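Residues per chain are reported as follows:
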Amino acid sequence: MPRADDECRPALIAQHPDLEHVDTPAWDFKGFSPEEALAVVTEWVETELIPRYGATRTVRRLDPVDHTSIDPVSELRMMRPDATIVVVNPTDSSDR
């Protein structure tokens, strides 16, 4: 996500300058279930962001020269060389 932010933010702000100062709260979700964390974020979006900025925005596709395409598993290995990574390749339904 940090790389996506670095790549996309300038183009997004160029299209929608009013979004430049949107700051995500520094939440601490330790001890939260995924559902509880989602509820907190959803409430923030619905009560803070949508009333101020609207529910949707049209965003132009990022120019390919502004994006570095990296295989997700390779990128994870670069970010976390110490992590155990399990790759699951789903089979075609005809193989069953």
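Scroll up to find the structure this text is about.
Source: prediction; values computed, not measured.

Calculation criteria
Residues numbered from 1 in each chain as written. Predicted model: local features only at pLDDT ≥ 70, side-chain atom pairs only at ≥ 80, totals over all residues. Heavy atoms only, no water. Helix = DSSP H or I, 4+ residues; strand = E, 2+ residues; numbered from the N terminus. Contact = heavy atoms within 4.5 Å. Phe/Tyr/Trp six-rings, centres within 6.5 Å; stacked < 30°, edge-to-face > 60°. Buried < 20%, exposed > 50% of the residue type's maximum accessible area, 1.4 Å probe, protein only. Polar contact = N/O pair within 3.5 Å; in protein donor to acceptor, adjacent residues only side chain to side chain. Core = buried A, V, L, I, M, F, W, Y, C linked by side-chain atoms within 4.5 Å.

A. Quick look at the environment of H67. Residue placement: H67 occurs in the loop between helix 2 (34–53) and helix 3 (72–79). It is 8.2 Å that separates the C-alpha atoms of H67 and C8, two residues lying 59 residues apart in sequence. Residues in contact with H67, not counting those within four places in the same chain, are R3, E7 and L62.

B. Structural view of the side chain of H16. Assignment of secondary structure puts H16 in the loop between helix 1 (2–15) and helix 2. If we ignore the near neighbours within four places in the chain, the residues touching H16 are R57, T58 and V59.

C. Layout of the packing of aromatic side chains. Under the criterion given, the structure shown has three aromatic pairs. Ring geometry for W27 and W44: centres 5.3 Å apart, planes at 85 degrees, overall edge-to-face. With W27 in the loop between helix 1 and helix 2 and W44 in helix 2, the pair connects residues that are 17 residues apart, well separated along the chain. Judged by relative accessible area, which is 31%, W27 ranks as partly exposed. Relative to F32, the ring of F29 has its centre 5.4 Å away and its plane inclined at 75 degrees; by these criteria the two rings are edge-to-face.

D. Inspection of the environment of R57 at higher detail. Assignment of secondary structure puts R57 in the loop between helix 2 and helix 3. It is 32 Å that separates the C-alpha atoms of R57 and S74, two residues lying 17 residues apart in sequence. Apart from the residues within four sequence positions on either side, R57 is in contact with H16, D18 and L19. A polar contact of 2.7 Å, which involves the side chain of R57, links it to the side chain of D18. Of note is the side chain of R57, whose polar atom sits 3.1 Å from the backbone oxygen of Y53.

E. Inspection of the nonpolar core at higher detail. Counting five residues, the largest nonpolar core consists of I13, L19, W44, L49 and Y53. When residues in this core are grouped by element, the largest group, three residues, is from helix 2. The residues touching L19, leaving out its near neighbours within four places in the chain, are L12, I13, Y53 and R57.

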